[in-house]
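Residue-level structural notes
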Amino acid sequence: MSKTNAEAKTNDEWRAILSPEQFRVLREKGTEAPGTGKYNKHTAEGVYGCGACGAPLYTSSTKFDSGCGWPAFFDAIPGAVRQIQDTSRGMTRTEIVCSKCSSHLGHIFRGEGFKMPTNERHCVNSISLTFTDKITATRSEDK
């Protein structure tokens, strides 16, 4: 039987397609060091997708510079991420995972005082993301 759902992959299958660092963050719920990710200060227009399965997660119009050291978004594409209560590390947080493949993206923080429409900061590991610029996305849709 063929596995068509990205979530149905085994850890060995994920290891075969992800780098060791991607596997650590996306599949083992790790965190990259602050200020080291390539999308932290990224400002191009386009769509950020899941680093594991490629599903669209965020648009550049919801990205903002929070100063936290990781890419920050105030909202996801509707239905793109699931929220899970995370009680690890002695605190209660809200983990965010890709709705398609359940890969770890980061956490949501609320009520921090950022002047954003949702009063949320989706703090996402750069390594959990891919990016398609607006021009490439438009060309792909025209085909």
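Cut-offs used in this document
Residues numbered from 1 in each chain as written. Predicted model: local features only at pLDDT ≥ 70, side-chain atom pairs only at ≥ 80, totals over all residues. Heavy atoms only, no water. Pairing = 2+ DSSP bridges. Helix = DSSP H or I, 4+ residues; strand = E, 2+ residues; numbered from the N terminus. 1 Å grid on protein atoms, 1.4 Å probe; cavity = no way out; pocket = protein on both sides within 12 Å on 5 of 7 lines; lining within 4 Å. Points joined across faces, edges and corners; volume = space filled by probe spheres on them. Nonpolar A, V, L, I, M, F, W, Y, C, P; charged D, E, K, R; others polar. Salt bridge = Lys/Arg side-chain N within 4 Å of Asp/Glu carboxyl O. Buried < 20%, exposed > 50% of the residue type's maximum accessible area, 1.4 Å probe, protein only. Disulfide = S-S within 2.5 Å. Phe/Tyr/Trp six-rings, centres within 6.5 Å; stacked < 30°, edge-to-face > 60°. Lys NZ or Arg CZ within 6 Å of the ring centre and 35° of its normal. Axes fitted to C-alpha atoms, helices over the stretch in contact; angles between N-to-C directions.

Section: the sheet that holds strand E8 (residues 120-124)
Across the sheet, which stays open at both edges, the six strands sit in the order E3-E4-E8-E7-E6-E5 with antiparallel pairing between neighbours. In this open sheet, the two edge strands, each paired with only one partner strand, are strand E3 (63-64) and strand E5 (81-86).

Brief notes about the layout of surface pockets
Taking a probe equal in size to a water molecule and rolling it over the atoms shows the remaining empty space. Approximately 300 Å³ is the volume found for the largest pocket. In terms of lining, the largest pocket is formed by 18 residues, of which the most central are Thr 31, Arg 89, Arg 93, His 104 and His 107. The set of elements that each furnish at least two residues to the lining of the largest pocket consists of strand E6 (93-98), strand E7 (104-110) and E8. Counting residues per element, the lining of the largest pocket draws most heavily on E7, at four residues. Tallied by class, the residues present in the lining of the largest pocket amount to five nonpolar, seven polar and six charged.

Focus on the pattern of salt bridges
Side-chain pairing between opposite charges can occur once the charged atoms of the two side chains come close. Evaluated as defined, the whole model comprises eight salt bridges. Note that Lys 29 and Glu 95 form a salt bridge whose closest N and O atoms lie 2.8 Å from each other. On the criterion of sequence distance, the pair formed by Lys 29 in the loop between helix H2 (20-27) and strand E1 (46-50) and Glu 95 in strand E6 is long-range, its members being 66 residues apart. The exposure class assigned to Lys 29 is partly exposed, which follows from its relative accessible area of 45%. For Asp 86, the salt bridge goes to Arg 93, with nearest N and O atoms at 3.2 Å. Taken as a pair, Asp 86 and Arg 93 share a single burial class, namely buried.

Overview of unusual backbone geometry
The phi angle of most residues is negative, glycine excepted, and most peptide bonds adopt the trans form. You will see that Lys 29, though not glycine, has its phi angle at about 60°, which is positive. One non-glycine residue, Arg 89, lies in the positive phi region at around 60°. On the secondary structure map, Arg 89 appears in the loop between E5 and E6.

Considering the state of the cysteines
With the rule as written, the count across this model stands at zero disulfides. The thiol sulfur of Cys 50 is not disulfide-bonded, and the nearest other cysteine sulfur, from Cys 101, lies at 3.7 Å. Among the cysteines around Cys 98, which has no disulfide bond, Cys 53 carries the closest sulfur, lying 3.7 Å off.

Let's talk about the packing of aromatic side chains
Both the distance between ring centres and the angle between the ring planes are used here to describe each pair of aromatic rings. In total, this model carries six aromatic pairs according to the counting rule given. Note on Tyr 48 and Phe 73: the rings are 5.1 Å apart at their centroids and 70° apart in plane angle, and the pair reads as edge-to-face. Placement of Tyr 48 in strand E1 and of Phe 73 in strand E4 (residues 72-73) is noted, with a sequence separation of 25 residues between them. A connected cluster of aromatic rings, assembled from ring pairs, spans Tyr 39, Tyr 48, Tyr 58, Phe 73 and Phe 131. The ring of Trp 14 carries Lys 9 above its face, with NZ or CZ at 5.4 Å from the centroid.

Some words on the sheet that holds strand E9 (residues 129-133)
Strand order across the open sheet formed by three strands is E2-E1-E9, with antiparallel pairing between neighbours. Two strands bound the open sheet, and with one partner strand each, they are strand E2 (56-59) and E9. In this sheet, neighbouring strand axes are inclined to one another by 30° on average, regardless of whether the strands run parallel or antiparallel.

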